[in-house]
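Given next are the chains, with one letter for each unit.
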Amino acid sequence: MFEKGGLDIVWLLKSKERNKKYIDINVDLTNGLMGKRVLFIPPDSTEDYAHIKTVDDFRQSQKVGAFGANWFDEEVWRANNLPYRVIDGHWRSIYDRLLLSRPETTDRPFHYFSRSVTEIVQEAKHYPKLAIEPNLLFKYDRDFHFYINEENRHLKFILEQALRKAKKTGLMDKLIQKHFAEQLKSLKLESRILLQLTTPQ
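Structural notes, computed from the coordinates. (Residues numbered from 1 in each chain as written. Predicted model: local features only at pLDDT ≥ 70, side-chain atom pairs only at ≥ 80, totals over all residues. Heavy atoms only, no water.)

1. Quick word on the overall build of the protein chain
Of regular secondary structure, the protein chain possesses seven helices and 10 strands. In summary, the protein chain has a C-alpha radius of gyration of 18 Å against a globular reference of 17 Å for 201 residues, a match within 12%. Dimensions of the protein chain, computed from the C-alpha atoms along their principal axes, are close to 60 × 35 × 30 Å. By sequence separation, contacts in the protein chain at least 24 residues apart represent 77% of the contacts at least 6 residues apart. Taken as a whole, the protein chain presents about 11,500 Å² of accessible surface, with 52% of it coming from carbon and sulfur. (Helix = DSSP H or I, 4+ residues; strand = E, 2+ residues; numbered from the N terminus. Rg over C-alpha atoms; globule rule 2.2 N^0.38 Å. Contact = heavy atoms within 4.5 Å. Areas by Shrake-Rupley, 256 points an atom, 1.4 Å probe, with all protein chains shown as cover.)

2. Focus on the pattern of salt bridges
Counted by the stated rule, this structure contains 11 salt bridges. Note that Asp56 and Arg59 form a salt bridge whose closest N and O atoms lie 3.1 Å from each other. Here the residue Asp56 and the residue Arg59 both occupy positions in helix α2 (residues 55-61), the gap between them amounting to three residues, near one helical turn. Among the residues examined, Arg59 registers a relative accessible area of 22% and is labelled partly exposed. A salt bridge links Glu133 to Arg192, with the shortest nitrogen-to-oxygen separation between them at 3.9 Å. Of the two residues, Glu133 sits in the loop between β7 (131-132) and β8 (136-139) while Arg192 sits in the loop between α7 (171-187) and β10 (193-196), which places them 59 residues apart along the sequence. Under the relative-accessibility criterion, Glu133 is labelled buried at 0%. You can call Arg192 buried: its relative accessible area is 9%. (Salt bridge = Lys/Arg side-chain N within 4 Å of Asp/Glu carboxyl O. Buried < 20%, exposed > 50% of the residue type's maximum accessible area, 1.4 Å probe, protein only.)

3. Observations concerning helix α6 (residues 156-169)
With 14 residues, α6 ought to run about 20 Å at 1.5 Å a step, and its terminal C-alpha atoms sit 20 Å apart, in line with that. Looking one or two residues past α6, Gly170 carries a phi angle of roughly 90°, positive in sign. (Expected span 1.5 Å × (residues − 1).)

4. Quick look at unusual backbone geometry
The phi dihedral of Asn81 is positive, around 55°, even though this residue is not glycine. With respect to the helices and strands, the residue Asn81 is situated in the loop between α3 (72-79) and β5 (84-86).

5. A word on the nonpolar core
Phe40, Tyr49, Phe58, Trp77, Val117 and Leu197 are the most contacted members of the largest nonpolar core, which totals 50 residues. Residues within four places of Val117 in sequence aside, it is in contact with Leu33, Lys36, Val38, Leu137, Gln183, Leu184, Leu187 and Leu189. (Core = buried A, V, L, I, M, F, W, Y, C linked by side-chain atoms within 4.5 Å.)

6. Thoughts on α3
Within α3, burial applies to Phe72, Asp73, Glu74, Val76 and Trp77. Against β1 (9-13), β3 (36-41), β4 (65-67), β5 and β6 (113-116) lie the buried residues of α3. One or two steps after α3, the chain reaches Asn81, where phi turns positive at roughly 55°.

7. Remarks on the layout of surface pockets
Quantified by volume, the largest pocket comes out at close to 580 Å³. The wall of the largest pocket is formed by 21 residues, among which Leu13, Arg18, Asn70, Trp71 and Phe72 lie closest to the centre. Those elements giving two or more residues to the lining of the largest pocket turn out to be β1, α1 (16-21) and α3. Ranked by residue count, the leading element in the lining of the largest pocket is α3, at four residues. Of the residues that constitute the lining of the largest pocket, the class distribution is nine nonpolar, two polar and 10 charged. Each pocket or cavity is described by its volume, and for the second largest pocket that value is around 400 Å³. Around the second largest pocket, the lining is made up of 16 residues, and of these Leu29, Thr30, Phe144, Ile176 and Phe180 lie nearest the centre. For the lining of the second largest pocket, the secondary-structure elements that each account for two or more residues are β9 (144-148), α6 and α7. Split by residue class, the lining of the second largest pocket holds 12 nonpolar, three polar and one charged. (1 Å grid on protein atoms, 1.4 Å probe; cavity = no way out; pocket = protein on both sides within 12 Å on 5 of 7 lines; lining within 4 Å. Points joined across faces, edges and corners; volume = space filled by probe spheres on them. Nonpolar A, V, L, I, M, F, W, Y, C, P; charged D, E, K, R; others polar.)

Laid out in structure tokens, this is it:
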């Protein structure tokens, strides 16, 4: 719909491909929260992550992540030499397939599903049998941006100015607090071990 003119503006995770294809409104929309990730895991595997203190520890654990096709996470995990699998079909099947994984199966196809801190708490309500890993916080440099198409290029300056003003005046912080504060509080981000990942360019 966006490419055919049915939508004037969309928000998407920033990428080189999208910046070439569409007009990027170059202001982060969640102050980087989309690049802060925690893990959905089977509830029986919480202790498997308790010893992890560094990215290298996580790498050596050989835990395999699952992603949808063409996700930016895939590029991040590849750049950091972390094992992962791209799941065929609809990405939402990852939740159910993670539940079906069995700890006694040595060739478990994947072990976790990385989600942003703005997503995982609400999603956990729909998948209460999954656990949120309690100790780790992964971080890379990526966020949602607004995109417009070429015929709306004249709006780029106006939108960027408005969003920068929203940042400067604190409006964006207020909106983020309004919509995400309770979720972020429940994740106890300040007490988690921060694992800084290299962000591919």
